[in-house]
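Each chain, written out:
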Amino acid sequence: MNQKKGGFLISEKEIKERVKAIADEISRDYNGKNPLLVGILKGAFIFLADLIRELSIDAEVDFLAVSSYGKATETSGEVKILKDLSESIDGKDVIIVEDIVDTGLTLKYLYELLKTRNPNSLKICVFLDKKERRVVEVPVHYVGFEVPDLFLVGYGLDFAEKYRQLKYIRELTPEEVKNV
Ligand code: IMP
């Protein structure tokens, strides 16, 4: 199986603690409400699954699938909706749940798109934030970890559809990039 290698790492324990802390914050902020968590597929499915189980309030779930980088590690800046939400978000308290914000192009596009659908409120929750890479401003309300400009895999994040199953986050090695 995938062994841990040297380099940047966020451990399973650190992830668990941080996810619980974000869930506590959301539970406080949305006390008495029933927010709709909109997971961005595929990367956010593990984060969302862990997050919702740590909430102390009721929450609904829906998913949006968007096009990814494919086998490249750089974004094209183009966002394509592959699967739209299954229900209207009119009047709902929506939280977009995403694995990572990098340039911000994906989330900016999705934030503006969902805003046009008349939610009661709209916030963004990301597991990882590569702040130094930001190209467009995007309002991120909940952040798991700020991370350096490295290509990271695990906990739902992939490289060419691999490594999503890792329970921790780690840096992709140059050999792994070559061996696609
Ligand atoms: P953005 O539009 O540049 O902010 O890119 C966001 C998307 O790029 C994320 O949803 C990921 O799918 C992908 N992405 C960005 N950085 C990484 C990374 O380090 N590992 C895996 N996927 C990444």
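Right above here is the structure, for reference.
About the criteria used
- Residues numbered from 1 in each chain as written.
- Predicted model: local features only at pLDDT ≥ 70, side-chain atom pairs only at ≥ 80, totals over all residues.
- Heavy atoms only, no water.
- Phe/Tyr/Trp six-rings, centres within 6.5 Å; stacked < 30°, edge-to-face > 60°.
- Helix = DSSP H or I, 4+ residues; strand = E, 2+ residues; numbered from the N terminus.
- Buried < 20%, exposed > 50% of the residue type's maximum accessible area, 1.4 Å probe, protein only.
- Lys NZ or Arg CZ within 6 Å of the ring centre and 35° of its normal.
- Near = heavy atom within 4 Å.
- Polar contact = N/O pair within 3.5 Å; in protein donor to acceptor, adjacent residues only side chain to side chain.
- Areas by Shrake-Rupley, 256 points an atom, 1.4 Å probe, with all protein chains shown as cover.
- Nonpolar A, V, L, I, M, F, W, Y, C, P; charged D, E, K, R; others polar.
- Pairing = 2+ DSSP bridges.
- Right-handed = clockwise from strand over helix to strand, strands pointing away.

Visitor: Explain the packing of aromatic side chains to me, and be specific about the residues and the numbers.
Guide: Scanning all chains against the criterion turns up 4 aromatic pairs. A ring pair is formed by Phe127 and Phe145, whose centres lie 5.8 Å apart and whose planes are at 85 degrees; its orientation type is edge-to-face. Of this pair, Phe127 sits in strand β6 (residues 121-129) while Phe145 sits in strand β7 (residues 142-146), placing them 18 residues apart in sequence. Classification of Phe145 as buried rests on a relative accessible area of 17%. Ring plane angle 40 degrees and centroid distance 4.7 Å describe the contact between Phe127 and Tyr155, whose orientation is recorded as tilted. Within this pair, whereas Phe127 is found in strand β6, its partner Tyr155 is found in the loop between β8 (152-153) and β9 (169-171), the two being separated by 28 residues in sequence. No difference in accessibility class separates Phe127 from Tyr155, as the two residues are buried. An aromatic cluster is defined as three or more aromatic residues linked by ring pairs; in this entry it consists of Phe47, Phe127, Phe145 and Tyr155. For Arg170, the ring lying beneath its charged end belongs to Tyr163, and the centroid distance is 5.4 Å.

Visitor: How would you summarise the site of the ligand if you had to cite specific residues and measurements?
Guide: Around the ligand sit 17 residues, and of these Asp102, Thr103, Gly104, Thr106 and Leu152 come closest. Between the ligand and the protein, one listed contact pairs an oxygen atom with a side-chain N or O atom of Asp99 at 3.1 Å. Considered on its own, the ligand offers 490 Å² of accessible surface; in the complex 93% of this is hidden by protein. For the shell around the ligand, the secondary structure elements donating two or more residues are β5 (93-101) and α3 (105-115). Ranked by residues supplied to the shell around the ligand, first place goes to β5 with 4 residues. The class makeup of the residues in the shell around the ligand is 8 nonpolar, 4 polar and 5 charged.

Visitor: Please give an account of the pairing of β6 that cites residues and values.
Guide: Here β6 lies mainly inside the structure; 7 of its 9 residues are buried. Looking at chain direction, β5 and β6 are connected through 8 bridges and run parallel. Bridge pairing links Val101 to Asp129 in β6. Crossover handedness for the path β5 to α3 to β6: right-handed. Judged from the 4 bridges that link them, β6 and β7 form a sheet pairing that is parallel. Its bridge partner lying in β7, Val126 is registered against Val143.

As far as function goes, none of this settles anything; it's purely spatial.
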